[in-house]
Structure formats: C-alpha cells, structure tokens
Amino acid sequence: ARGQLGHGKRVDESEPRMLLGKIGWGVRIVQVAAGGGLVRVAHSLLLTSTGRVLSFGTAQYGQLGHGYDAGSQLGDVLRPRYVEALKDERCICVAAGELHSGVVTAD
C-alpha cells in the first residue's frame, strides 16, 4: 500500500476500516474513486456532499492535486487531505486513473 487506504500507514489491510482524522465532523462522503495500475502507484479521491474533494495515496506525478514539481518527487499522502486548488469550486463528480485524477464541477 502507498497510503491509498487513508489510514496513515503503508500497509495492506485485510478488512475495511473507518477513516479517522482531519476530514471534519459530520462530513458526508458521497463518492469514492480509486486510481492506480501497473507501475506501483495508487491513489484515492473522496467527494463530499458539499462539493469538496479530498485525495491521498501516491503523489509522485501530481495526481493528488496538491502541486507538482518536475524536478523533485512528491511524497505520498497517507491520510485524506483537502485539495485546496478546488476550494472555491463545487465539484459533483471525481475520477481517478493510473497517473491522473479528474473532477467535474457544477459550472
């Protein structure tokens, strides 16, 4: 695992576990998307009922939406983190591919 489970560790889990920490009290998740593939990368996206997006997992190609620098490798994000670049958007759908993520906004 590369943090795509959101539990703060890089270990596989044999059973589902509740995500804890920093999402916010009473936040309702309405959609989940999982990306990854053959090159040992994996990431996850969460969409809240208010249109906010959280992402976590492998970040090395910028697929989490927390920035990208071609000159350095970004560290994995082990717990769900809000995508600040989308804070002023109302997202209605999320999608995760092997090395990319996408969202659809209400506008």
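## Some remarks on the overall build of the protein chain
Looking only at helices and strands, one finds zero helices and six strands in the protein chain. Listing every helix and strand of the protein chain by position from the N terminus yields β-β-β-β-β-β. Against the compact-globule benchmark of 13 Å for 107 residues, the protein chain has a radius of gyration of 13 Å, which places it among compact chains. Principal-axis analysis of the C-alpha atoms places the extent of the protein chain at approximately 35 × 35 × 20 Å. Counting over 107 residues, the protein chain shows a buried share of 32%. When contacts within the protein chain are restricted to residue pairs at least 6 apart in sequence, those whose partners lie at least 24 apart make up 47%.

## Description of the pattern of salt bridges
Per the stated rule, a full pass over the model turns up three salt bridges. Between R10 and D76 there is a salt bridge, and its shortest N-O distance comes to 3.5 Å. Here R10 is found in the segment before β1 (29-36), whereas its partner D76 is found in the loop between β3 (53-57) and β4 (77-82), with 66 residues between them in sequence. Relative accessible area serves as the criterion here: at 17%, D76 is assigned to the buried category. Between E84 and R52 there is a salt bridge, and its shortest N-O distance comes to 3.7 Å. Remark: R52 occurs in the loop between β2 (42-48) and β3 and E84 occurs in the loop between β4 and β5 (91-96); sequence separation between them is 32 residues. Residue E84 is classed as partly exposed on the basis of its relative accessible area of 47%. Note on R52: relative accessible area 23%, which makes it partly exposed.

## Regarding the environment of H100
Take H100: it is sitting in the loop between β5 and β6 (101-105). Sequence separation between H100 and R90 is ten residues, and the spatial gap between their C-alpha atoms is 20 Å.

## Remarks on the side chain of H7
Note that H7 resides in the segment before β1. One polar contact links the side chain of H7 to the main-chain carbonyl oxygen of R17, over a distance of 3.4 Å.

## Some words on the confidence of the model for the protein chain
In the predicted model, the protein chain carries a mean pLDDT of 88, and 98% of its residues have values of at least 70. Here β4 stands out as the element of the protein chain with the lowest mean pLDDT, 93, in contrast to β5, whose mean of 98 is the highest.

## Remarks on the pairing of β6
Every regular strand shows the same layout, with side chains that alternate between the two sheet faces. For β5 and β6, the ladder comprises five bridges, and the chain directions are antiparallel. Of the residues in β6, the one forming a bridge with C91 is T105. Here β5 folds back onto β6, and the loop between the two strands holds four residues.

## Regarding the environment of T58
Looking at the element boundaries, T58 is found in the loop between β3 and β4. Its relative accessible area of 0% is what places T58 among the buried residues. Sequence separation between T58 and Q4 is 54 residues, and the spatial gap between their C-alpha atoms is 7.0 Å. Residue contacts for T58: discarding those within four places in its chain leaves R2, V41, A42, H43, Q63, L64 and D76.

Rules used in this analysis
Residues numbered from 1 in each chain as written. Predicted model: local features only at pLDDT ≥ 70, side-chain atom pairs only at ≥ 80, totals over all residues. Heavy atoms only, no water. Helix = DSSP H or I, 4+ residues; strand = E, 2+ residues; numbered from the N terminus. Rg over C-alpha atoms; globule rule 2.2 N^0.38 Å. Buried < 20%, exposed > 50% of the residue type's maximum accessible area, 1.4 Å probe, protein only. Contact = heavy atoms within 4.5 Å. Salt bridge = Lys/Arg side-chain N within 4 Å of Asp/Glu carboxyl O. Polar contact = N/O pair within 3.5 Å; in protein donor to acceptor, adjacent residues only side chain to side chain. pLDDT = per-residue confidence, 0-100. Pairing = 2+ DSSP bridges.

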